[in-house]
Amino acid sequence: MSHKPDEVVAKDSGGNFSPHSEGQFAMLCVDVVDLGVNVDQFPGQEPREVAKVALVFASGERQTDESLTLVTTEMTLSANEKANLRKFLESWRGKSYTAEQAEAGLPVNKLYGQSALVSIEHVLTRKSRKFAKIVSIGPLPKAMPSPDGKLLVEYERPKFLVDRKAAYAAALAKHRENGGEIQPPGYTGADEDDDDSEVPF
């Protein structure tokens, strides 16, 4: 035999990242991502079109390659009083929205660059991979310094968010091609089963 094969071993590494450390951290909202409309399917119910948004946070913690370690949460884009997003934002700002404010619309994009005190815990996804989940959020105490604003400049939107937006768009197109019901623009129905999804940071 003239040569030997290379020693190549395939492994499931679970992604080239480490989840953010557990605990409480001063974090900066470094991105607000309009994921578009996804088609949600709950057991025993008809599929429905639901607008989705992702919020991305950074504390300054880094990966081994010195890239930022990010924490991402995805929610239904709704200001309904039962919606997880509204509860999340009210906890963050430290007070409730009035009915008039919610009806006028909550400008989620203005969260970009805002600081918060974020509590994180590690949980396992359905695929048994560990990720950092935001379990609570609140205003940053005045005595606690805010993360460096340079994080906003350094941040780059993760590819998985771009891919997820494209996947949602494809699912929506297929749903409508099959005669699925189209929700009116600005749909603000209450969340029924929001979760953070399997995001890898």
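That block above? That's the structure.
Structural notes, computed from the coordinates. (Residues numbered from 1 in each chain as written. Predicted model: local features only at pLDDT ≥ 70, side-chain atom pairs only at ≥ 80, totals over all residues. Heavy atoms only, no water.)

### Focus on the pairing of strand β2 (residues 48-62)
Put simply, the rule reads: Following DSSP output, two strands are said to pair if at least two bridges run between them. Here a helix means four or more residues in a row that DSSP labels H or I, a strand means two or more in a row labelled E, and each is numbered from the N terminus.
In this sheet, β2 lies alongside strand β1 (residues 23-40) in antiparallel orientation, the contact comprising eleven bridges. When the bridges of β2 are listed, Asp31 appears paired with Val56. Relative to strand β3 (residues 68-76), β2 is paired through eight bridges, and the arrangement is antiparallel. The residue of β3 that forms the bridge with Lys52 is Thr76. Where β2 folds back on β3, the antiparallel hairpin that results is connected by five residues, among which Glu66 adopts a positive phi of roughly 75 degrees.

### Considering the side chain of His20
Applicable threshold: Buried residues are those whose accessible area, probed at 1.4 Å on protein chains only, stays under 20% of the maximum for their type, while exposed residues exceed 50% and partly exposed ones sit between those limits. By definition, residues are in contact when any of their heavy atoms lie within 4.5 Å.
Its place among the elements puts His20 in the segment before β1. We classify His20 as buried; its relative accessible area is 0%. Ignoring any residue separated from it by four or fewer positions in sequence, one finds His20 in contact with Phe25, Met27, Ser59, Glu61, Thr69, Val71, Ile120, His122 and Ala132.

### A short note on the pairing of β1
Counting buried residues in β1 gives 13 out of 18 residues, a clear majority hidden from the surface. Alignment of β1 against strand β4 (residues 115-124), held across six bridges, turns out to be antiparallel. Paired with Gln24 across the two strands is Ser119, which belongs to β4.

### Notes on the sheet that holds strand β5 (residues 130-138)
Definition in use: Here an axis means a line fitted to C-alpha atoms, over the contact stretch when the element is a helix, while the angle between two N-to-C directions is reported on a 0 to 180 degree scale.
Taken together, five strands build an open sheet; the order of strands is β3-β2-β1-β4-β5 and the sheet is antiparallel. At either end of the open sheet lies a strand with only one pairing partner, and these are β3 and β5. Mean inter-strand twist for the sheet, computed between neighbouring axes without regard to direction, equals 40 degrees. Across the sheet, helix α1 (residues 84-93) touches β1, β2, β3, β4 and β5, and the angle it forms with β5 is around 60 degrees.

### As for helix α4 (residues 159-177)
So the rule is basically this: Each helix should span, by expectation, one fewer than its residue count multiplied by 1.5 Å. To be clear, the arc concerns the directions from the helix axis to the C-beta atoms.
Between its first and last C-alpha, α4 extends 27 Å over 19 residues, near the 27 Å set by a 1.5 Å rise per residue. Listed as buried for α4 are Phe160, Leu161, Arg164, Tyr168, Leu172 and His175. Angularly, the buried residues of α4 cover 115 degrees about the axis, an arc narrow enough to put them on a single face. Facing away from the buried side of α4 by over 90 degrees, the exposed positions are Lys159, Lys174 and Glu177. Looking at the packing, one finds that the buried side of α4 touches β1, β2 and β3. Looking one or two residues past α4, Gly179 carries a phi angle of roughly 85 degrees, positive in sign.

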